[in-house]
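Observations on the model geometry
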Amino acid sequence: MVHDGTSSARVRVRRHSWARVLIPVLLILAWLVGAGLGGPLFGKVDEVSSNDQTSYLPSSADATKVQALLGEFNDGDSIPAIAVFVGSDELTDAELETITDAVADAPALDGISDEVSPAIASDDGMAAQAFIPIQSDAELADTARALSAQLQTDAPDGVTVYITGPAGFSADLVAGFSGIDGLLLGVALLAVFVILILVYRSMLLPIVVLSTSLFALCVALLTVWWLAKAEVLLLSGQTQGILFILVIGAATDYALLLVARFREELRVTHDKGAAVLAAWKGSFEPILASGGTVIAGLLCLLLSDLKSNSTLGPVAAIGIFFAMLSALTLLPSMLLLFGRAVFWPRRPTFEPAVVAAENGMPTKGLWAKLAGLIKRRPRLIWIATTLVLLAGAAGVTQLNAVGVPQSDLVIGESEARDGQVALGEHFPGGSGSPAYVVVDEASLQDVADVLLTHDGVDAVAVTASDSPSGTAEVTADGISAVGPPGTPAPDPTVVDGDVMLQATLTDAADSDAAASTVRDLRAQLTDDVLIGGVTATSVDTNDASIHDRNLIIPVILVVIMLILMLLLRSILAPVLLILTTVLSFGTAMGVSALVFNGIFHFPGADPAVPLYGFVFLVALGIDYNIFLMTRVREESIAHGTRQGVLRGLAITGGVITSAGLVLAATFAALSVIPILFLVQLAFIVAFGVLLDTFVVRSLLVPALSYDIGRKIWWPSKLGRGED
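Residues numbered from 1 in each chain as written. Predicted model: local features only at pLDDT ≥ 70, side-chain atom pairs only at ≥ 80, totals over all residues. Heavy atoms only, no water.

Counting its regular elements, the protein contains 22 helices and ten strands. Of all 723 residues assigned to the protein, the portion counted as buried reaches 54%. Residue pairs in contact within the protein that sit at least 24 positions apart in sequence constitute 80% of those at least 6 positions apart. Surface exposure of the protein reaches about 29900 Å², of which carbon and sulfur atoms provide 60%. (Helix = DSSP H or I, 4+ residues; strand = E, 2+ residues; numbered from the N terminus. Buried < 20%, exposed > 50% of the residue type's maximum accessible area, 1.4 Å probe, protein only. Contact = heavy atoms within 4.5 Å. Areas by Shrake-Rupley, 256 points an atom, 1.4 Å probe, with all protein chains shown as cover.)

Here it is as structure tokens:
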């Protein structure tokens, strides 16, 4: 039998062709299934998320311990709303009766608890307030809106109604985050789509790249949703918004890097399969290093005391993982199927002779000219750039990141904020949001005396289940009786030998003065006395945020530096890259502080803002240095360090700039959500990314590296090569 070699070769070619088509198709189908399962969850995130601030505090915090006990003292876990009725003149008896009837009818609404308090008139007679608990399992924002509408309808003519207190502010936050699934995602995707069209002047490629990002987000959301449902992770509106933006931005950046390599390869080969493989090999290390650096930085948040920080780490890390996986599997599969057609109508030309004449380096265009400028004046450029960045960083001294009042968390109109102002004008500022003090029953009067003598406390009550109002007033003479003379004083509710006092503060619960009162009381009382409530929660949250910031920032720097040392096989280059990135972060924070104070007139910033800004700017900003320096190292091996710097800048300039614009645009999209924290984070990261893209990566790092020469790779062998 004669062996037909030609036939065997044809069989192998056919098998290879089938495999080359089948594998991409199977990968695309797998991602389609994942996206199909994850896509419907976009409207259901609120089912597994929580915006309750106390649920994110460490279990050791006093406010957390008190929150856990509230249900035992009050026989429920409802969220208190304060209805404030303000008249244009002094309220008449008839108007007060109408207000009382309106409050009594409130439980008829779905989601309202039966235990409403009677309306209480203010000392000046101009206002009245009532406590109306909203059930914890109710749709908070919808219930608060319905309650406000009904009370305004039932109230006397000329009386304005506000819903404020913990339920009112929580409803504002829920309403503020309501645009995450639709508005935020739509704005981010539209911004990226427009940038990609301008960059590639193609309709198909932007769709392919955005599909990579959107599929990664769907699968990431699918994973996070089920982990949150199983209570493995905590999910909030804030975390959800950051996850969406981070995945879209990172996946698009990784896709741009691989697409740029693919375009390069198509200029020297007809075989789209070979081009995809070469592009994948050239992009794998920088994408893996970039994503790994971001994941490592995010996982450092697990060291946080605040669960809002520690849970963001794994949630965002899951998103980055799927962003990398999508860029390295789904995108190459689609590029292999479409080939050159993906760039239509500007398909790359097969021109190996031109590429050979260029020696792989562009000789025309902005980045080639910039490389030439750096070659002529490297030292002047990096010194001048450093001085400009230092000048911008000086503004960081103006950053007020010690916390903001709860009433300022939502930007724009806020009924709860207006209601708190009205409440403070006619009642003690802390009405409706008392400080809860848990104390041993035997020490009740001693602790009450300390509270009553403090200038920041207006009144003290004790939880008493047999009292009509659920509480009884505590004075220097003891617990006051409720009712006509001779009525016995109610007994306080006792849980495991403890009672709960409620201290009404003279200042608004979210004010600096109220926070100072809580700190003073904690200093005066013994450690076994626990103080919780809205003000204490804010105090404990700010303290934990400052602790996290001081601990995690140095850890992230060390972790990222170690990763860069392994990637670049050098010590000096990673140290310099970290220093330039930190300088860039300082400048971003300094400029942001000046903008927040002088232009937007923000009331301050949460202590977590600098931490989040640092995590994203350093972890993501270092990406562009990774993209640049991995290519510089590759070119340095073949052409020497100084030539490698110029080649690396000229070759990667376009793609890294596009990636920076995309990431800045996606983070800027966060500003459409009217939450102060997200608006500030949007500006800091967007501005910082642009600073990294156009100044640090384009001027400072290349000029500094060129000036140092081969020693930049010290102590590796490459550091002993040619400049």
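Next up on the list: empty space enclosed by the protein. Under the defined criterion, the tally for this structure stands at five cavities of 30 Å³ or more. Considered as a void within the structure, the largest cavity measures approximately 90 Å³ in volume. Lining the largest cavity are 13 residues, with Gly165, Phe169, Gln420, Ser433 and Ala509 sitting closest to its centre. Secondary structure elements with two or more residues in the lining of the largest cavity: helix H5 (165–177) and helix H15 (415–426). Partitioned by chemical class, the residues of the lining of the largest cavity number five nonpolar, seven polar and one charged. Volume-wise, the second largest cavity comes out at about 50 Å³. Lining the second largest cavity are Ala573, Leu576, Leu577, Thr580, Met629, Val701, Leu704, Ser705 and Ile712. Ranked by residue count, the leading element in the lining of the second largest cavity is helix H19 (residues 572–598), at four residues. The class makeup of the residues in the lining of the second largest cavity is seven nonpolar, two polar and no charged. (1 Å grid on protein atoms, 1.4 Å probe; cavity = no way out; pocket = protein on both sides within 12 Å on 5 of 7 lines; lining within 4 Å. Points joined across faces, edges and corners; volume = space filled by probe spheres on them. Nonpolar A, V, L, I, M, F, W, Y, C, P; charged D, E, K, R; others polar.)

So, about the pairing of strand E5 (residues 435–440). Counted residue by residue, E5 has five buried out of six residues, so it is predominantly covered. Relative to strand E9 (residues 498–505), E5 is paired through six bridges, and the arrangement is antiparallel. Across the sheet, residue Val439 finds its bridge partner in E9, namely Val499. In terms of strand pairing, E5 meets strand E10 (residues 530–532) through three bridges, oriented antiparallel. Pairing of Val438 across the sheet is with Leu530, part of E10. (Pairing = 2+ DSSP bridges.)

Per the counting criterion, the structure on display carries 14 aromatic pairs. Aromatic side chains Phe596 and Phe602 sit 5.4 Å apart centroid to centroid with 55° between the ring planes, which places their arrangement in the tilted category. Each member of the pair, Phe596 as well as Phe602, is classed as buried. Note on Phe600 and Phe602: the rings are 5.3 Å apart at their centroids and 25° apart in plane angle, and the pair reads as stacked. Exposure remark for Phe600: the relative accessible area of 43% places this residue in the partly exposed category. (Phe/Tyr/Trp six-rings, centres within 6.5 Å; stacked < 30°, edge-to-face > 60°.)

Moving on to the nonpolar core. Counting 159 residues, the largest nonpolar core has Tyr254, Phe262, Leu298, Tyr612, Phe616 and Phe667 as the members making the most contacts within it. With 18 residues, the single largest contributor to this core is helix H20 (residues 608–639). Among residues more than four places away in sequence, those in contact with Phe262 are Lys272, Ala275, Val276, Ala279, Leu335, Gly339, Val342 and Phe343. Among the nonpolar cores identified, the runner-up in size contains 29 residues, and Ala464, Leu521, Val529 and Ala544 belong to it. (Core = buried A, V, L, I, M, F, W, Y, C linked by side-chain atoms within 4.5 Å.)

This brings us to the sheet that holds strand E1 (residues 79–87). If you walk across this open sheet you meet the four strands as E2-E3-E1-E4, and the pairing is antiparallel. Across the chains shown, the open sheet's two edge strands, defined by having one partner strand only, are strand E2 (120–121) and strand E4 (159–164). Running at roughly 5° to strand E3 (residues 127–134), helix H3 (residues 93–104) makes contact with E1, E2 and E3 of the sheet. (Axes fitted to C-alpha atoms, helices over the stretch in contact; angles between N-to-C directions.)

Note that Trp714 resides in the segment after helix H22 (676–708). Among residues more than four places away in sequence, those in contact with Trp714 are Ser570, Ile571, Leu572 and Gly719.

Looking now at the side chain of Ser705. Turning to its location among the elements, Ser705 is positioned in helix H22. Here Val701 takes part through its backbone oxygen, which lies 2.8 Å from a polar atom of the side chain of Ser705. The contacts of Ser705, once residues within four sequence positions are left out, are Met629, Val645 and Ile712. (Polar contact = N/O pair within 3.5 Å; in protein donor to acceptor, adjacent residues only side chain to side chain.)

Okay, helix H13 (residues 366–376) next. Those residues of H13 that sit buried are Trp367, Ala368, Leu370, Ala371 and Ile374. What you see down the axis of H13 is that its buried residues fit within an arc of 160°, all on one side. Facing away from the buried surface of H13 by more than 90 degrees, the exposed residues are Leu366, Lys369 and Arg376. On the buried face of H13, the contacting elements are helix H14 (378–393), helix H21 (641–668) and H22. (Arc of directions from axis to C-beta.)

Running from N to C, helix H4 (residues 140–154) and H5 point in directions that differ by 120°, and their axes come no closer than 8 Å. Relative to H5, the element H4 lies oblique. The interaxial crossing formed by H4 with H5 has left-handed handedness. Here Leu140, Ala141, Ala144 and Arg145 of H4 lie close against H5, whose contacting residues are Ala167, Ser170, Ala171, Val174 and Ala175. (Parallel < 35°, antiparallel > 145°, perpendicular 65-115°, else oblique. Left-handed = near helix turned anticlockwise from the far one by under 90°.)

Of the two faces of strand E7 (residues 471–475), the one holding Ala472 and Val474 is buried and the one holding Thr471, Glu473 and Thr475 is not buried anywhere. Taken together, the four bridges between strand E6 (residues 457–463) and E7 define a ladder with antiparallel strand orientation. In the sheet register, Thr463 faces E7, and the bridge partner there is Thr471. Hairpin geometry of E7 and strand E8 (residues 478–479) is characterised by an intervening segment of two residues between the two adjacent antiparallel strands.

Taken in spatial order, the six strands of this open sheet run E8-E7-E6-E9-E5-E10, and their pairing is antiparallel. Only two strands of the sheet have a single partner each, and these edge strands are E8 and E10. Seen against the sheet, helix H2 (residues 62–74) touches E5, E6, E9 and E10 and runs at an angle of roughly 85° to E10.

This part is about the pattern of salt bridges. Two side chains with opposite charge may pair up if their charged atoms get near one another. This model, assessed by the stated rule, comprises ten salt bridges. Here Arg519 ties to Asp543 by a salt bridge, and the two come within 2.9 Å at their closest N and O atoms. Of the two residues, Arg519 is situated in helix H17 (residues 512–524) and Asp543 in helix H18 (residues 534–568); the sequence distance between them amounts to 24 residues. Since its relative accessible area comes to 41%, Arg519 is described here as partly exposed. Given the relative accessible area of 33%, Asp543 is considered partly exposed. Close ionic contact of Arg522 with Asp540 constitutes a salt bridge, the shortest N to O distance being 2.7 Å. Taken together, the residues span a long stretch of sequence, with Arg522 in helix H17 and Asp540 in helix H18 at a distance of 18 residues. Residue classification places Arg522 among the partly exposed residues on the basis of a relative accessible area of 23%. (Salt bridge = Lys/Arg side-chain N within 4 Å of Asp/Glu carboxyl O.)

Below, the discussion takes up a nonpolar patch on the surface. Taken together, Val21, Leu22, Val25, Leu26, Leu29, Leu32, Leu337 and Phe338 make up a surface patch of nonpolar side chains, about 660 Å² in accessible area. Elements represented by at least two residues in the nonpolar patch include exactly helix H1 (5–38) and helix H11 (312–338). Per element, the largest residue contribution to the nonpolar patch is six residues, and it comes from H1. Among the secondary structure elements, Val25 is positioned in helix H1. (Patch = residues over 30% accessible without salt bridge, like charges linked within 9 Å, V, L, I, M, F, W, Y side chains within 5 Å.)

Glancing now at the environment of Asn597. As for its position among the elements, Asn597 is in helix H19. Residues Asn597 and Leu399, spaced 198 residues apart in sequence, show a C-alpha to C-alpha distance of 8.2 Å.

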